[in-house]
Amino acid sequence: MNGTQPEQVFAGRKALVTGGSRGIAATLSRALAARGATVAVNFCAAADGRMGKDDAAEQLVSEIRAEGGEAVAVEQALRQSLIPISGPQRPDSNSYGGV
């Protein structure tokens, strides 16, 4: 959203970007948000299985929001299985119901 606005080809769409806080996935998260998608930036639990905060994911979400996009950081260990998350990090299903 720097300079000219990209076309909003993903307006009204939702995207879950796994590993979305780093590398190519972070670039993809930014690009989707810049084009109108609501982005769920997924990050994995710590190697020892502890659930917790990912500073890179939180930073990316802050940057996307500052540029006018919609994003949320979502912790889920997808390498094991798609298990439901609970607690304060669970996205509001009304906001992200299609993700």
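Each value, and the rule that gives it
- Residues numbered from 1 in each chain as written.
- Predicted model: local features only at pLDDT ≥ 70, side-chain atom pairs only at ≥ 80, totals over all residues.
- Heavy atoms only, no water.
- Salt bridge = Lys/Arg side-chain N within 4 Å of Asp/Glu carboxyl O.
- Helix = DSSP H or I, 4+ residues; strand = E, 2+ residues; numbered from the N terminus.
- Buried < 20%, exposed > 50% of the residue type's maximum accessible area, 1.4 Å probe, protein only.
- Core = buried A, V, L, I, M, F, W, Y, C linked by side-chain atoms within 4.5 Å.
- Contact = heavy atoms within 4.5 Å.

Visitor: Pulling in residues and values, what's your account of the pattern of salt bridges?
Guide: What the rule picks out here adds up to 1 salt bridge. The closest approach of N and O atoms between Glu63 and Arg30, which form a salt bridge, is 2.8 Å. In this pair, Glu63 is assigned in helix α2 (residues 55-66) and Arg30 in helix α1 (residues 23-34), connecting sequence segments 33 residues apart. Classification of Glu63 as partly exposed rests on a relative accessible area of 27%.

Visitor: Before we move on, could you go through the nonpolar core and cite the residues and values that matter?
Guide: Of all hydrophobic cores here, the largest spans 16 residues; its most connected members are Leu32, Val39 and Val41. Elements with a minimum of two residues in this core: β1 (14-17), α1, β2 (38-43), α2 and β3 (70-75). Leaving out residues up to four positions away in the same chain, Leu32 has contacts with Phe10, Ala15, Val17, Ala37 and Val39.

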